Amino acid sequence: FRRVLFRSPIINNNVGDLLRITAIYEKLAELNNAYEATPVLAKDWKSNQDGTVWTITLREGVKFHDGSTLDADDVIYSLKRAADPATGSQGASILAPLHEAKFKAVDERTVQITLPAPEVELPLLLTTKFTAIVPKESDTASIKKHPIGTGPFMVQGKFVAGQQENKLVAFADYHEKDKPRRSE
């Protein structure tokens, strides 16, 4: 990867950033080849009949690069951050239905989202490039200095913007053990 200026899932201005973000971070869901939302960090999701209350169950045993375990609070923090225009999130308009939502951690692996209006396409919204999950302790400054995600690669050492020597290495505790990977 060449010159790196910024590294945040909610602000990614170029293809290089997007490539690094998808190597370091993951989302609750991704689109499959049929353009359907499929679970990644989510195990599954369901809604009430009118699409105003969504319950998302997280996969078990997913770790962040710092060794902490992914939990409902991380998801709530990340989605609120991505939907909030005050954070500078480029995805705030796309994620507008989440801006006024009420979030609840039912337990460590279950998130409940109550929306002000029906949103039957919520799983599709969760696939946007801005909804990568970060640890709840993260802020823009800490993400710029040392990005921590759940993805198959992690930053080796300290991240320094603009330096070509920044190196991504395979994350040994990556939860998708059956996927082919490179060591760096």
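Residues numbered from 1 in each chain as written. Predicted model: local features only at pLDDT ≥ 70, side-chain atom pairs only at ≥ 80, totals over all residues. Heavy atoms only, no water.

## Notes on the overall build of the chain
Phase 1: In terms of regular secondary structure, the chain is built from five helices and eight strands.
Phase 2: Element order for the chain, N to C, with α for helix and β for strand: α-β-β-β-β-α-α-β-β-α-α-β-β.
Phase 3: Relative to its 184 residues, the chain shows a buried fraction of 46%.
Phase 4: Pairs at least 24 residues apart make up 56% of the contacts formed inside the chain by residues separated by at least 6 positions.
Phase 5: Only carbon and sulfur atoms are counted for the fraction: they give 51% of the accessible area of the chain, which is about 9,600 Å². (Helix = DSSP H or I, 4+ residues; strand = E, 2+ residues; numbered from the N terminus. Buried < 20%, exposed > 50% of the residue type's maximum accessible area, 1.4 Å probe, protein only. Contact = heavy atoms within 4.5 Å. Areas by Shrake-Rupley, 256 points an atom, 1.4 Å probe, with all protein chains shown as cover.)

## Quick look at the sheet that holds strand E3 (residues 42-47)
Phase 1: Read from one edge to the other, the open sheet built from four strands follows the order E3-E4-E6-E5, with strand pairing classed as antiparallel. A strand with exactly one partner marks an edge of an open sheet, and here the two such strands are E3 and strand E5 (102-107). Here the average twist between neighbouring strands, direction ignored, is 20°.
Phase 2: Sheet strands touched by helix H2 (residues 72-83): strand E4 (53-58), E5 and strand E6 (110-114). Its angle to E5, the strand with the most contacts, is close to 170°. (Pairing = 2+ DSSP bridges. Axes fitted to C-alpha atoms, helices over the stretch in contact; angles between N-to-C directions.)

## Describing the layout of surface pockets
Rolled over the atoms, a probe with the dimensions of a water molecule shows which regions are left empty.
Phase 1: Estimates place the volume of the largest pocket at around 250 Å³.
Phase 2: In this structure, the largest pocket is lined by 16 residues; those nearest its centre are Thr22, Tyr25, Glu26, Glu30 and Val40.
Phase 3: Here the lining of the largest pocket takes three residues from helix H1 (residues 15-24), the largest share from any one element.
Phase 4: Split by residue class, the lining of the largest pocket holds eight nonpolar, one polar and seven charged. (1 Å grid on protein atoms, 1.4 Å probe; cavity = no way out; pocket = protein on both sides within 12 Å on 5 of 7 lines; lining within 4 Å. Points joined across faces, edges and corners; volume = space filled by probe spheres on them. Nonpolar A, V, L, I, M, F, W, Y, C, P; charged D, E, K, R; others polar.)

## Section: the side chain of Glu26
Phase 1: Counting through the fold element by element, Glu26 comes out in the loop between H1 and strand E1 (29-31).
Phase 2: A polar contact of 2.9 Å, which involves the side chain of Glu26, links it to the side chain of Thr150.
Phase 3: Here His175 takes part through its side chain, which lies 2.8 Å from a polar atom of the side chain of Glu26.
Phase 4: Excluding residues within four positions of it along the chain, Glu26 makes contact with Val40, Leu41, Ala132, Ile133, Thr150, Gly151, Tyr174 and His175. (Polar contact = N/O pair within 3.5 Å; in protein donor to acceptor, adjacent residues only side chain to side chain.)

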